[in-house]
Each structure stands twice: as structure tokens, then as C-alpha cells.
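Descriptive analysis of the structure
These are the residues of each chain, in order.
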Amino acid sequence: MDESSVTSETVQELVAGGGAVPDKYLYKDVPVGSTDPIPLVDIPVVDLSLLLSPSSPSAGDELDKLRLALATWGCFQAVNHGMSSSFLGRVREITQGVFGLPAEEKRRISRAVDNNEGYGTDTVLFEEQVLDWTDRLCLTLLPEDRRKMRFWPEKPECFREVLHEYSTKLSEVSEIILRAMAVSLKLEEGSFLDQFGAPGTFLARFNYYPRCPRPDAVLGLKPHADGSVLTFVLPDKEVDGLQFLKEGEWLGIRIIPDALVINAGDQAEIMSNGAFKSPMHRAAINAYRDRISIAVFCCPLSEKEVGPISELIGDATPRLYRNVKNYTETNFQYYQSGRRAIEAVKI
Ligand SMILES: O=C(O)CCC(=O)C(=O)O
Ligand SMILES: [Fe+2]
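This is a predicted model, so every value here is computed, not measured.

**Thoughts on the overall build of the protein chain**
Helix and strand counts for the protein chain stand at nine helices and 15 strands. A compact globule built from 347 residues would reach a C-alpha radius of gyration of about 20 Å, and the protein chain, at 20 Å, matches this within 12%. With the principal axes as the frame, the protein chain shows a C-alpha extent of 60 × 45 × 35 Å. Buried residues in the protein chain amount to 54% of all 347 residues. Taking contacts inside the protein chain between residues at least 6 apart in sequence as the whole, the part at least 24 apart equals 77%.

This is how it looks when you write it as C-alpha cells:
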């Protein structure tokens, strides 16, 4: 094991040890939730198979649904995305498999203190930071030559193969959505994709939220917006917990088992000059059941500069954001302190 690896206790180990929830996980001033249960709602559903099919009479309707969903909620549930229920089952299985590995195996892939890639707990950047009740594995999926294979678990045996296939599938899906986002705003089909620069960077975060006896004062994942262009979340099939902030109110997403929850990230808000919203969201924990989710962040390559698409800047819609580069990294610093990076690039 690397000397600088994270050695502190994982949340999973904490739970196994019993005892009270340590102070550093507790929100003291802000109530986080579930004394009054958070309402579960249905967010817009978009059928990806209809989006870009010129022969389909409903393609226009579906594009409108996509545009409206991203302009209001900033997220939607994607169905007919081309991945079978059994394949998504395997993605969930390898996730369960990794978190179920013996501690020794997990230690072998643990992240360094100053790096997100690998297995570990919440990254501590600030003393006053309230910690997320989660263990996670972060991996670069694409471009393939930037994968750091020493962090890719060798068990469960099919882990690498399934994850490779999932990366390829998500890359295809992201292309469809980026094209459709442009068409829905009456732009050239490549307007988002060209700035994104295929294949872009795809970062996976496997989240494991053990059950927690203090759902009133603990969060699995702090309120945040993603720094990506798009984020794909494969949520737990049974245990809800993902919540979005809509008009000042936290609302829980009702699970559709084989749908992907897709949200716009800050870089989609920047490129669209505010036409699409990067929503605040968080993950609640559950007192009785563990929960998993797999988030994949699609970002431009770190060296690529992105900014508002010129056709979206005009007298009625003045430029709202500066151009940004390596935004994903900037975002993380803000994110851990509970602030929004996008505020810093507003004009
Ligand atoms: O666990 C979830 O459902 C949400 C994950 C998420 O928002 C993230 O990893 O950024
Ligand atoms: Fe997120």
C-alpha cells in the first residue's frame, strides 16, 4: 500500500463497529431532513429512442420534453437508452461486489490523501466540513489511455469487463443527448458536442451509503451541483435517497428501476448560457437499508476551454458566464466547502 493512502476508518467499518455517529458527520444548525419525510416525486421522463429519429412523428415532442426538463428541473429520467435490465443488473452487481470485498482488497485500491481516484471516504479539505456518510470508489473511465488501472478492482472477476462496456454505452448515450440538447435549442447539432470534444472525460463514482441511525442529521452526500456537462446516475434499484432542490424545496426522486437519472452539470449551464440549469442535489441516507448508486460525470478533456455558445448570446440574452478550463477540478474545491463554483464564473 502507498504510504500516503487514506488510512482512516471507512463508514462501512464505522457501522460494523457499532456505537454513536461521530460528530463530524452531524449537521448541527441546518435540519437535513427526514423528521418530516421528504416527498417523492416523478420528474420528467425522456425516451431516448425517439430523440433523434427524424422518421418518428414524436421526435419533436421528445426534444421539447428534454429542453423543458433541463430548463426547469435540470434533470430527467432516461428510458429506452439501449441498455438492458440485465446489463444494468450486472453494473449494480459489480458495485455491490466491490463494497463487499474484504477490507484488505479494498485497501489495495485506496486513494491517496490528495487525490480522488481510488477507494475511500469523503475527501477532507476544510476543518469545518461536515462529512458525507459514504464510502466511494472513483475511477476515470474515458479516455481509455487515462485509466489508472491500479485502482480498478480485479474482483469481482467481471468488474473490469462490465465497467468497460458501461463506459462505451454511456459514451454513446452522451452523444445522443448532447446532439439532442443542441437541436432542442434550434442550434447546429454539434454545438455542444464540438465543445465537449469526443470522447471527453468520463469519471465514475461508485457510492455506497451504509444505513445510518441518524437520518435526521446526516447526509450521504452534501448538497451540491455537478461540475460536469452531464451526469448519469444509476440509482439503487429499491432504496430511494436522491433529492433535487426545486424552487427552494427538497424533493426525492421516485425510482424507475431501469431508467438512468441524467442531470445537467455546471458546464451545460455555462455552454447553454443559462438555458439549461445545473440543479442542486444531495443524497439522503436510510436508517434501515444500505443504498448504492453509480454516478458517471461527463466532462470535456481538462485542457479544453468551454464557454457560452455564441448563438445563445444576444441582446435579450446577454452573456452570463466567462469561458472555463479544467472546471471539474475548480468545482471540487468549492463543492467540498458547500459553495457553488458557477457563481465565480458569472459575469
Ligand atoms: O447517490 C446519488 O443518487 C447521487 C450521486 C451524486 O449526485 C453524485 O455522486 O454526484
Ligand atoms: Fe451529484
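**Thoughts on the site of ligand 1**
Around ligand 1, the structure places 14 residues, and the nearest of them are R205, Y209, H281, R291 and S293. The contact in question runs from an oxygen atom of ligand 1 to an N or O atom on the side chain of D226, over 3.4 Å. Bound to the protein, ligand 1 loses 100% of the 290 Å² it would expose on its own. Taking a 2 Å distance to the grid points as the criterion, the majority of the atoms of ligand 1 fall inside the largest cavity.

**Things to note about unusual backbone geometry**
A cis amide bond links L142 with the next residue in sequence, P143, at an omega value of -5°. Positionally, P143 belongs in the loop between β5 (135–142) and α6 (159–184). Here the amide bond leading from K155 into P156 is cis, since omega sits at -5°, within 30 degrees of zero. As for its position among the elements, P156 is in the loop between β5 and α6. We note that K186 has phi near 60°; this positive angle belongs to a residue other than glycine. Topologically, K186 is positioned in the loop between α6 and α7 (191–196).

Cut-offs applied
- Residues numbered from 1 in each chain as written.
- Chains lettered and ligands numbered in written order.
- Predicted model: local features only at pLDDT ≥ 70, side-chain atom pairs only at ≥ 80, totals over all residues.
- Heavy atoms only, no water.
- Helix = DSSP H or I, 4+ residues; strand = E, 2+ residues; numbered from the N terminus.
- Rg over C-alpha atoms; globule rule 2.2 N^0.38 Å.
- Buried < 20%, exposed > 50% of the residue type's maximum accessible area, 1.4 Å probe, protein only.
- Contact = heavy atoms within 4.5 Å.
- Near = heavy atom within 4 Å.
- Polar contact = N/O pair within 3.5 Å; in protein donor to acceptor, adjacent residues only side chain to side chain.
- Areas by Shrake-Rupley, 256 points an atom, 1.4 Å probe, with all protein chains shown as cover.
- 1 Å grid on protein atoms, 1.4 Å probe; cavity = no way out; pocket = protein on both sides within 12 Å on 5 of 7 lines; lining within 4 Å.
- Sits in = over half its atoms within 2 Å of the grid points.

Any functional reading would require information that these geometric values do not contain.
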